[in-house]
Amino acid sequence: MTTTTATEAELVLAARNAISEANWTLGRCAAEWLEHYARGQTITDLAEILKTNAAWLEVYRRTWLIYGPIRMEYPKLRWAHFLTVDGWDDWKPALEWANQNEATIDEMTAWHRLQQPGDQPTPNP
């Protein structure tokens, strides 16, 4: 049995950071492999080599290609924040708000909904 002096919150944060970094690394590696070493192979071929899911590997790669170059501008956000905003027209202000407010993904999503015209709750008469 291992002993630890870390609090539960510290352990959860460390695990979240590890997952986030692993996802960025997988995306970067997949992108570089396809660009430099694939020789006609596909993401499915790489997934078979890695013994992982091709659909998720493509998600990691796509997220890396779109947001990898700017991710350090948002140091308080995890990989999942970037995945969540993928496809949003206003992804940049959403990431900026989430980073500034150290928001969870749920909080960022709620903020995003409030920014959408016509999505405001209708008051009861």
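Residues numbered from 1 in each chain as written. Predicted model: local features only at pLDDT ≥ 70, side-chain atom pairs only at ≥ 80, totals over all residues. Heavy atoms only, no water.

Caption draft 1: Spotlight on the packing of aromatic side chains. Inspection of every chain in the model, using the stated rule, returns 8 aromatic pairs. Ring plane angle 50° and centroid distance 5.8 Å describe the contact between Tyr-67 and Phe-82, whose orientation is recorded as tilted. Within this pair, whereas Tyr-67 is found in helix α3 (residues 54–67), its partner Phe-82 is found in helix α4 (residues 79–85), the two being separated by 15 residues in sequence. Judged by its relative accessible area of 2%, Tyr-67 is buried. Residue classification places Phe-82 among the buried positions, given a relative accessible area of 1%. Relative to Trp-91, the ring of Tyr-67 has its centre 5.4 Å away and its plane inclined at 80°; by these criteria the two rings are edge-to-face. With Tyr-67 in helix α3 and Trp-91 in helix α5 (residues 91–101), the pair connects residues that are 24 residues apart, well separated along the chain. (Phe/Tyr/Trp six-rings, centres within 6.5 Å; stacked < 30°, edge-to-face > 60°. Helix = DSSP H or I, 4+ residues; strand = E, 2+ residues; numbered from the N terminus. Buried < 20%, exposed > 50% of the residue type's maximum accessible area, 1.4 Å probe, protein only.)

Caption draft 2: Molecular detail of the pattern of salt bridges. Tallying each qualifying case throughout the model produces 5 salt bridges. With a shortest N-O distance of 3.6 Å, Glu-32 and Arg-28 are connected by a salt bridge. Placement of the pair is Glu-32 and Arg-28 together in helix α1 (residues 8–36), with a separation of 4 residues, close to one helical turn. The exposure class assigned to Arg-28 is partly exposed, which follows from its relative accessible area of 30%. Salt-bridge contacts for Lys-76 lead to Glu-102; the nearest nitrogen and oxygen are separated by 3.6 Å. With Lys-76 in the loop between α3 and α4 and Glu-102 in the loop between α5 and α6 (105–115), this residue pair connects regions lying 26 residues apart in the sequence. You can call Lys-76 partly exposed: its relative accessible area is 46%. (Salt bridge = Lys/Arg side-chain N within 4 Å of Asp/Glu carboxyl O.)

Caption draft 3: Expanded view of the nonpolar core. Formed by 23 residues in total, the largest nonpolar core has its most connected members in Leu-57, Phe-82, Val-85, Leu-95 and Met-108. Among the secondary structure elements, those contributing two or more residues to this core are α1, α2 (43–50), α3, α4, α5 and α6. (Core = buried A, V, L, I, M, F, W, Y, C linked by side-chain atoms within 4.5 Å.)

Caption draft 4: Local environment of α1. With 29 residues, α1 extends 42 Å between its outermost C-alpha atoms, agreeing within 8% with the 42 Å of an ideal straight helix rising 1.5 Å per residue. All of the buried residues in α1 are Ser-20, Asn-23, Trp-24, Gly-27, Ala-30, Ala-31 and Trp-33. Those residues of α1 hidden inside the fold are in contact with α2, α3 and α4. (Expected span 1.5 Å × (residues − 1). Contact = heavy atoms within 4.5 Å.)

Caption draft 5: Representation of unusual backbone geometry within the structure. Look at Arg-39: it is not a glycine, yet its phi comes out positive at around 45°. Mapped onto the elements of the fold, Arg-39 is located in the loop between α1 and α2. Arg-39 gets classed as exposed once you look at its relative accessible area, which sits at 73%. The backbone phi angle of Lys-51 is positive, close to 55°, even though this residue is not glycine.

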